[in-house]
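Structural overview
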Amino acid sequence: MSMDFFHLEPTARSSWRLAVLMGANTRTYKFALGAALLDTAAEGRSEILLRDLAVPYAMSLVRHLDKAPQAPSAVVPGASDFLAVAKREAAESLRLGHPTEELLAASVRSMPAMVMQKFHNLRGEAELPHRFYEVTGSSRERVVRLSDPLREIARPEQAASLRGELTARWSIVETSFAAEIGRSLIREGVAVDMTTLQITDKRRRRSVAGVTDAVIGFQHGLCLICAEPITPGIDDIAVDHVFPYSFMRMLGPVDHGTAPDLDAIWNLAPAHASCNGRKSNGPPKPAELIRLAQRNEAIMQSPHPLRRTLQLTLQDNGYNSTRSGEWLTFIQWVSLL
Ligand SMILES: [Zn+2]
């Protein structure tokens, strides 16, 4: 199923999104590696010593460890576990501004098997259609060769969106690891604060990530209305209600079972502010509805709270949350209400 997402836009960027947005998450190492790779490739480099790549990798992990758990709260790492070393060395590394010798050594030792081999694996047996690096060199001095596809996606116009998506995804995953929040997120999914356009956990209403950064990757970084790229930092971005508020007035107050909540993730999509302004309260075009269904199917391939949120929308309205392709059926139903 996640390959449908790739075939809609068969590029290196889609491969990257498969890895970062849709892979399994039991730790957050993949996000730390992804950020370090994007930064290194953005400098135009074609290779880097593993011990040099390990520096930004380890530092972003300890910065995140400082704020949130980086593994499910049920996991108690053994003393030699990399996460245990990172916890022990976090305060001193942050004080120094670079990893301690022990943290650096543990990173270099663990990265090849723990994260670098797995980065290109999809759930199941499949591999990503693109490879972003190869680890070469001897065991004494490993070298990471950065591939052309990686340097291509690290170009500024592509990388800005990918960095935002990676940060949002990291935040969503680590939030779901925290015991109390994790349980409520898994049961209830997330809400959207329409004033700040932040995704929040329903229990504490605490901000988890921005709506745009959290979902734009699942629509390939494209405006849902015109299907052209949205460039962060250049284009003004709006969060479009695909089914607009005028629908909500028609439907009356939200009543589970008869009308879905239009202020929820399933109906919210980043768009150019200009496209959104032109659309105003007009109804969505058929092509927009197909793109929305495809975007939601892609989110359903992504573990953790966003998928849960969409499952609940389907279930609350009497739809099957395990059948693939259900989003198009659901969206056609809403458009006929
Ligand atoms: Zn547009």
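These notes cover the structure that comes with them. (Residues numbered from 1 in each chain as written. Predicted model: local features only at pLDDT ≥ 70, side-chain atom pairs only at ≥ 80, totals over all residues. Heavy atoms only, no water.)

Core analysis: the largest hydrophobic core is formed by 94 residues, its most contacted members being W16, L33, Y57 and W266. Those residues within four positions of Y57 in sequence are excluded, and the remaining contacts are Y29, A32, L33, A36, F82, S107, M111, M114 and V115. Counting 6 residues, the second-largest nonpolar core is a separate cluster that includes I225, I230, A271 and C275. (Core = buried A, V, L, I, M, F, W, Y, C linked by side-chain atoms within 4.5 Å. Buried < 20%, exposed > 50% of the residue type's maximum accessible area, 1.4 Å probe, protein only. Contact = heavy atoms within 4.5 Å.)

An ideal rise of 1.5 Å per residue puts 20 Å on 14 residues; helix α13 (residues 286-299) measures up with 20 Å between its terminal C-alpha atoms. Along α13, the residues classified as buried are E288, L289, L292, A293, R295, N296, E297, A298 and I299. (Helix = DSSP H or I, 4+ residues; strand = E, 2+ residues; numbered from the N terminus. Expected span 1.5 Å × (residues − 1).)

Another point: the side chain of T200. When you line up the elements, T200 lands in strand β5 (residues 198-201). Leave out the neighbours within four places in its chain, and T200 touches V190, A191, D193, R205, R206, S207 and V208.

What follows concerns the sheet that holds β5. The 3 strands lie next to each other as β4-β5-β6, forming an open sheet whose pairing is antiparallel. Two strands lie at the open edges of the sheet, namely β4 (190-193) and β6 (207-210), each paired on one side alone. Put simply, the sheet's adjacent strands are angled 35° from each other on average, direction ignored. Taken together, the 3 bridges between β5 and β6 define a ladder with antiparallel strand orientation. Across the sheet, T200 pairs through a bridge with S207, a residue of β6. (Pairing = 2+ DSSP bridges. Axes fitted to C-alpha atoms, helices over the stretch in contact; angles between N-to-C directions.)

Moving on, we come to helix α15 (residues 326-336). Residues of α15 that are buried: E326, W327, F330, I331 and V334. Buried residues in α15, looked at end-on, bunch into an arc of 125°, giving them a common side. (Arc of directions from axis to C-beta.)

What follows concerns the pairing of β5. In this structure, β4 lies alongside β5, joined through 4 bridges in antiparallel fashion. Looking at the pairing, A191 lines up with T200 of β5.

Right, let's get into the side chain of R295. Mapped onto the elements, R295 comes out in helix α13. Although R295 is buried, it makes no salt bridge; D240 carries the closest opposite charge, 9.3 Å away. The contact partners of R295, leaving out residues within four places of it in the chain, are V215, F218, Q219, I265, W266, L268, A269 and P270. (Lys, Arg positive; Asp, Glu negative; His and termini not counted. Salt bridge = Lys/Arg side-chain N within 4 Å of Asp/Glu carboxyl O.)

To continue, consider the environment of L197. Position of L197 among the secondary structure elements: in the loop between β4 and β5. Classification of L197 by relative accessible area gives partly exposed; the value is 29%. Sequence separation between L197 and V211 is 14 residues; the distance between their C-alpha atoms is 5.8 Å. Residues contacting L197, with those up to four places away along its chain left out, are G210, V211 and V239.

Around the zinc ion, the protein contributes the donor atoms C223 (SG), C226 (SG), H272 (ND1) and C275 (SG), which lie 2.1 to 2.3 Å from the metal centre. Considering all 4 donor atoms around the zinc ion, the spread of angles at the metal, 100 to 118°, places the coordination shape in the tetrahedral class. If you list the donors of the zinc ion from N- to C-terminus, the spacing comes out as C-x2-C-x45-H-x2-C. You can see C223 sitting in the loop between α10 (211-215) and β7 (237-241) and its partner C275 sitting in helix α12 (residues 273-279), a full 52 residues away along the chain. When sorted by exposure, C223 lands in the same class as C275, which is buried. (Donors = N, O, S within 2.8 Å, 3.2 Å for Na, K, Ca; no water. Tetrahedral: all angles 85-135°; square planar, octahedral: opposite > 155°, others 65-115°.)

Moving on to the sheet that holds strand β3 (residues 142-146). Within the open sheet, the 3 strands sit side by side as β1-β3-β2. Their pairing is antiparallel. Whereas interior strands pair on both sides, the edge strands pair on one side only; in this sheet they are β1 (47-49) and β2 (133-137). The sheet shows a mean angle of 25° between the axes of neighbouring strands, direction not considered. In this structure, β1 lies alongside β3, joined through 3 bridges in antiparallel fashion. Following the sheet pairing, L49 is matched in β3 by V143. In the packing of helix α4 (residues 50-65) onto the sheet, contacts are made with β1 and β3, and the angle to β1 comes to roughly 85°.

On to the packing of aromatic side chains, then. In this description, a pair of aromatic rings is defined by centroid distance and the angle of the planes. Using the criterion set out here, one finds 14 aromatic pairs in the structure. Arranged with centres 6.2 Å apart and planes meeting at 20°, the rings of W266 and W327 form a pair that is stacked. Placement of the pair is W266 in the loop between α11 (245-251) and β8 (268-272) and W327 in helix α15, with a sequence separation of 61 residues. W327 matches W266 in its accessibility class, with the two residues each being buried. In this structure an aromatic cluster arises from ring pairing among F243, W266, Y319, W327, F330 and W333. (Phe/Tyr/Trp six-rings, centres within 6.5 Å; stacked < 30°, edge-to-face > 60°.)

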